[in-house]
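Structural overview
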Amino acid sequence: MTPDGSAVLDLAAWGPSLLVYSTQAGGLAAWDLRMGQDAWSLPHSPVAGAVERLVLDPTSQNWLVGGTSRGHLCLWDARFRLPVNEWQHPAGVPVAALALAEAPPQRLGLGGRGGAPLLYVAAGDQEVGLWDVAEGTCQQVRVVGRRSTRAVPGRGRGTCCMSPVRLCCLHALACCC
């Protein structure tokens, strides 16, 4: 149980002393192992659903992305504890999984671009999108079949299963990455 009395839905270590977790009540917080209490929490609207999946900035601890039970991807600037951007799957299906794409962009079929974090987002009817966190765009969509994956015609770069919900950026996202 958490300080708000709800169950933990996802948990990830962030550096040597923080555990970032999401709760059934919709909260998102960081537990400081040294202090034995929450170091901070992030704002999250229950309308977007409970944050069930997390991906954390692995290098600079500047950003984190949560995937919700109602198909939202939520990006926060951890330095200022503010929501930066939010997207939603058109069908409102839950985000089933999130993972940092660690392969070089060239190996992912994205040419010479680089620098910005890329995430795999599984949501929808066996779809996995490759999402550019800095640009807020989907670079690829793959449909997973029983024996193979294939690109979805007409749903490649820039045309993804996620659509913008709002932009409330007070700081340039590029500085977050």
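Anything mentioned here points back to the structure above.
In short, a report on the structure.

What counts and how
- Residues numbered from 1 in each chain as written.
- Predicted model: local features only at pLDDT ≥ 70, side-chain atom pairs only at ≥ 80, totals over all residues.
- Heavy atoms only, no water.
- Helix = DSSP H or I, 4+ residues; strand = E, 2+ residues; numbered from the N terminus.
- Buried < 20%, exposed > 50% of the residue type's maximum accessible area, 1.4 Å probe, protein only.
- Pairing = 2+ DSSP bridges.
- Axes fitted to C-alpha atoms, helices over the stretch in contact; angles between N-to-C directions.
- Salt bridge = Lys/Arg side-chain N within 4 Å of Asp/Glu carboxyl O.
- Core = buried A, V, L, I, M, F, W, Y, C linked by side-chain atoms within 4.5 Å.
- Polar contact = N/O pair within 3.5 Å; in protein donor to acceptor, adjacent residues only side chain to side chain.

1. Re unusual backbone geometry
When glycine is set aside, most residues are seen to have a negative phi, and most peptide bonds are trans. Here Gln61, not a glycine, exhibits a phi torsion of approximately 55°, which is positive. Among the structural elements, Gln61 can be located in the loop between β5 (51–56) and β6 (63–68). Its identity is not glycine, yet Arg81 carries a phi of approximately 60°, on the positive side. Under the relative-accessibility criterion, Arg81 is labelled partly exposed at 31%.

2. Brief notes about the sheet that holds strand β3 (residues 28–32)
Strand order in this open sheet of 4 strands is β1-β2-β3-β4, and the pairing throughout is antiparallel. For this open sheet the edge positions go to β1 (8–14) and β4 (37–42), each flanked by a neighbour on one side alone. Between one strand and the next, the sheet's axes are offset by a mean angle of 25°, whatever the strand orientation. Relative to strand β2 (residues 18–23), β1 runs antiparallel, the two being bridged by 6 bridges. Residue Trp14 lies in a different strand from β2, and its bridge partner there is Leu18.

3. Some remarks on the pattern of salt bridges
The tally for this structure, following the rule as stated, stands at 2 salt bridges. For the salt bridge of Arg34 with Asp32, the shortest nitrogen-to-oxygen distance reads 3.1 Å. Classification of Arg34 by relative accessible area gives exposed; the value is 65%. Between Asp77 and Arg79 there is a salt bridge whose closest N-O contact spans 2.7 Å. Among the residues examined, Asp77 registers a relative accessible area of 0% and is labelled buried.

4. Regarding the nonpolar core
Val65, Leu73, Leu75, Leu98, Leu119 and Trp131 are the most contacted members of the largest nonpolar core, which has 15 residues in total. When contributions to this core are tallied by element, the ones reaching two or more residues are β6, β7 (72–77), β8 (82–88), β9 (95–100), β10 (118–123) and β12 (137–144). If you look at the next biggest cluster of nonpolar residues, it comprises 14 residues, including Ala30, Val51, Leu56 and Ala78.

5. As for the side chain of Glu86
Along the polypeptide, Glu86 turns up in strand β8. Given a relative accessible area of 6%, Glu86 falls into the buried group. Reaching out from Glu86, the side chain makes a polar contact with the side chain of His72 at a distance of 2.5 Å.

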